[in-house]
Amino acid sequence: MDRIEALCRYLYPCDRFADVGCDHGYCTEYMLENSMCQSAVISDISAKSLAKAEKLLEKYLKHGTCVSVCCNGLEKIPADCDEVLIAGMGGEEIISILENGFIPGKFVFQPMKNAPKLREYLISVGAHIDKDDVFECDGKFYFVITGFRTGEKNEYTPEQIKFGKGDIGGALGRYLAAEAAKKRAYLNGQLRPSDREKISGELKIIESVSENESR
Ligand SMILES: C[S@@+](CC[C@H](N)C(=O)[O-])C[C@H]1O[C@@H](n2cnc3c(N)ncnc32)[C@H](O)[C@@H]1O
């Protein structure tokens with residue numbers, strides 16, 4: 001299974017779907033082909049990237065079930081889009097898009113880095129996190145955070161802020177094992193004392209999460 005296929009399993013059915021930073025547009029194609037939405041908006045800050053999605057989704061654009069907007073973040077995303085996907089960008093970039101826009105009714109975010117910052121931000125604005133998972137494709141791990149603009153307040157431990165709430169018996173467990181192996185490899189090499197201390201601390205946290213969660 002590739003990243004897009006894995007990511008699409010987290011999308012919610014909705015009325016009007018928006019794919020912000022869509023690039024090729026594969027996720028929107030999935031939503032439309034599988035009747036997961038009535039209509040869709042593809043958007044990207046780069047006209048060149050957007051052109052790829054426009055080509056892929058030509059029949060839907062002609063039919064009017066999909067519209068294309070070239071814009072920064074949520075700038076020109078119509079207000080009636082009830083689900084927004086932002087995938088393949090850094091967590092800080094996603095936060096900046098939300099700060100300059102709005103928290104979507106339903107959201108699916110797949111940050112490439114800084115997932116803890118994104119979790120903290122979503123909690124701070126009162127959004128409800130529904131799933132906070134990690135999935136694995138071709139030996140790489142990806143965090144995915146889905147939820148709603150409003151809802152029950154989430155409780156997170158500091159460890160869950162760091163690693164999410166995935167299944168320790170599944171991809172999260174494999175992610176932690178891979179991270180622990182990387183840290184142990186660093187510790188076997190030459191390191192400045194301050195770096196050694198930092199990496200040892202990080203390894204201890206990973207080991208304690210793996211042990212506590214698998215009990
Ligand atoms: C790595 S691609 C990810 C594409 C797709 N979402 C995915 O997950 O495969 C990132 C895309 O986001 C676009 N992008 C970056 N910053 C953006 C912003 N502020 N607003 C809209 N699009 C943005 C880039 O032009 C690029 O096409």
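Residues numbered from 1 in each chain as written. Predicted model: local features only at pLDDT ≥ 70, side-chain atom pairs only at ≥ 80, totals over all residues. Heavy atoms only, no water.

1. Notes on the pattern of salt bridges
One side chain can pair with another of opposite charge once the charged atoms of both are near each other. According to the stated counting rule, one finds 12 salt bridges in the structure shown. The shortest N-O distance in the salt bridge between glutamate 92 and lysine 117 comes to 2.4 Å. Remark: lysine 117 occurs in helix α6 (residues 115-124) and glutamate 92 occurs in helix α5 (residues 91-99); sequence separation between them is 25 residues. Judged by its relative accessible area of 40%, lysine 117 is partly exposed. Of the charged contacts, one joins glutamate 202 and lysine 198 as a salt bridge, the two residues approaching to 3.6 Å between their closest N and O atoms. With glutamate 202 and lysine 198 both in helix α9 (residues 193-214) and 4 residues apart, this pair spans about one turn of that helix. For lysine 198, a relative accessible area of 54% gives the class exposed. Here the salt bridges share partners, and the residues they tie into one network are Lys183, Lys198 and Glu202. (Salt bridge = Lys/Arg side-chain N within 4 Å of Asp/Glu carboxyl O. Helix = DSSP H or I, 4+ residues; strand = E, 2+ residues; numbered from the N terminus. Buried < 20%, exposed > 50% of the residue type's maximum accessible area, 1.4 Å probe, protein only.)

2. What about the site of the ligand?
With respect to spatial proximity, 18 residues lie near the ligand, and among them Arg3, Gly21, Asp44, Asn72 and Gly73 are the closest. The contact in question runs from an oxygen atom of the ligand to an N or O atom on the side chain of histidine 24, over 3.0 Å. Here a nitrogen atom of the ligand sits 3.2 Å away from a polar atom, N or O, in the main chain of isoleucine 45. The fraction of the free accessible surface of the ligand (600 Å²) that becomes covered by protein chains is 82%. Those elements that provide at least two residues to the shell around the ligand are α1 (3-8), β4 (83-89) and α5. Broken down by element, the shell around the ligand gets its largest block of residues, 3 residues, from β4. The residue makeup of the shell around the ligand, split by class, is 7 nonpolar, 7 polar and 4 charged. (Near = heavy atom within 4 Å. Polar contact = N/O pair within 3.5 Å; in protein donor to acceptor, adjacent residues only side chain to side chain. Areas by Shrake-Rupley, 256 points an atom, 1.4 Å probe, with all protein chains shown as cover. Nonpolar A, V, L, I, M, F, W, Y, C, P; charged D, E, K, R; others polar.)

3. Structural notes on the packing of aromatic side chains
Any two aromatic rings considered together are summarised by their centre-to-centre distance and by the angle between their planes. By the definition in use, this model includes 7 aromatic pairs. Both rings, one in phenylalanine 107 and one in phenylalanine 109, keep their centres 4.8 Å apart while their planes meet at 5°; by these two values the pair is stacked. By the burial criterion, phenylalanine 107 is buried, and phenylalanine 109 matches it. Through successive ring pairs, a cluster of aromatic residues spans Phe141, Phe143, Phe163 and Tyr175. Over the ring of phenylalanine 143 we find arginine 119; its NZ or CZ atom is 5.0 Å from the centre of that ring. We note lysine 165 situated over the ring of tyrosine 156; from NZ or CZ to the ring centre the distance is 4.0 Å. (Phe/Tyr/Trp six-rings, centres within 6.5 Å; stacked < 30°, edge-to-face > 60°. Lys NZ or Arg CZ within 6 Å of the ring centre and 35° of its normal.)

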